[in-house]
Amino acid sequence: QVQLVESGGGLVQPGGSLRLSCAASGSIWSINAMGWYRQAPGKQRELVAAITRGGSANYTDSVKGRFTISRDNAKNTVYLQMNSLKPEDTAVYYCQATVRTIWQSGEFDYWGQGTQVTVSS
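Please read these numbers as outputs of a predicted model, since none were measured by experiment.

K.L.:
Just give me the short version of the overall build of the chain, but keep the residues and values in it.
P.N.:
Each helix and strand in the chain was counted, giving zero helices and 11 strands. Seen in sequence order, the chain has helices and strands lined up from the N terminus as β-β-β-β-β-β-β-β-β-β-β. Along the first, second and third principal axes, the C-alpha atoms of the chain reach 45 × 25 × 25 Å. A total of 121 residues make up the chain; the buried ones form 40% of that total. A separation of at least 24 residues holds for 56% of the contacts in the chain among residues at least 6 apart in sequence. Positive and negative side-chain charges of the chain, numbering 11 and 8 respectively, have mean locations separated by a distance of 3 Å.

Have a look at this one:
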C-alpha cells in the first residue's frame, strides 16, 4: 500500500558529504513524522534524525551539527544532508514514515529498504 524508496548512499571519504532522499508513494492520506535510522554491523538500529510534519527536527547527539533532516510535504519526501562524515557513520540507513493511508484508520509505520553509506579512505 505504501512504498518508501531511498537513494543517495555510497562510498565517501572522511570529511565528505552525502545527501540521502526517501520518497513515499502509494495509498497515502497523510504523513506524520518521518525519520532516518541506521544500523551498523553487529549493532542495533538507532534513530539518527526525525522531523514532524510541521518541520520540527531532533537528532541523535553524535550527528548534531553535521547532519540536517528536511522534508517536502508536497512530494512526500524526506532528506538527510550529511556533512563532515566520519568512519563511525558507516551503516545501512533506513527511512521511516508514520502514515495514514486512504484505506485504513489510524497511523502505521513504514520502512524503506535501506541504503548503504560507507565512510572510508
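K.L.:
Quick rundown of the sheet that holds strand β7 (residues 67–72)? Include the residues and the values.
P.N.:
In sheet architecture, strand pairing relies on hydrogen bonds along the backbone and comes in two forms, parallel and antiparallel. Taken together, the four strands give an open sheet; going across it, the order is β1-β3-β8-β7, and neighbouring strands pair in antiparallel fashion. Strand pairing shows two members of the sheet lacking a second neighbour, β1 (2–7) and β7, which therefore form its edges. Averaged over all pairs of adjacent strands, the angle between their axes in this sheet comes to 15 degrees, without regard to strand direction. Note: strand β3 (residues 18–26) against strand β8 (residues 77–82), six bridges, orientation antiparallel. Across the sheet, residue Cys22 finds its bridge partner in β8, namely Val78.

K.L.:
Help me get a handle on the state of the cysteines, residues and values and all.
P.N.:
Simply put, disulfide is the name for a covalent bond between the sulfur atoms of two cysteines. As enumerated under the stated definition, the model contains one disulfide in all. Paired through a disulfide, Cys22 and Cys95 show a sulfur-sulfur distance of 1.9 Å. Here the residue Cys22 occupies a position in strand β3, and Cys95 occupies one in strand β9 (residues 91–101), the gap between them amounting to 73 residues. Residue Cys22 shares its accessibility class with Cys95, and that shared class is buried.

K.L.:
Could you give an account of the environment of Val78, with specific residues and numbers?
P.N.:
Of note, Val78 is situated in strand β8. Assessed through its relative accessible area of 0%, Val78 is described here as buried. Distance in space between the C-alpha atoms of Val78 and Gly35 is 7.6 Å, their sequence separation being 43 residues. Leave out the neighbours within four places in its chain, and Val78 touches Leu20, Ser21, Cys22, Met34, Trp36, Ile51, Ile69, Ser70, Arg71 and Cys95.

Rules and cut-offs
- Residues numbered from 1 in each chain as written.
- Predicted model: local features only at pLDDT ≥ 70, side-chain atom pairs only at ≥ 80, totals over all residues.
- Heavy atoms only, no water.
- Helix = DSSP H or I, 4+ residues; strand = E, 2+ residues; numbered from the N terminus.
- Buried < 20%, exposed > 50% of the residue type's maximum accessible area, 1.4 Å probe, protein only.
- Contact = heavy atoms within 4.5 Å.
- Lys, Arg positive; Asp, Glu negative; His and termini not counted.
- Charge placed at Lys NZ, Arg CZ, Asp CG, Glu CD.
- Pairing = 2+ DSSP bridges.
- Axes fitted to C-alpha atoms, helices over the stretch in contact; angles between N-to-C directions.
- Disulfide = S-S within 2.5 Å.

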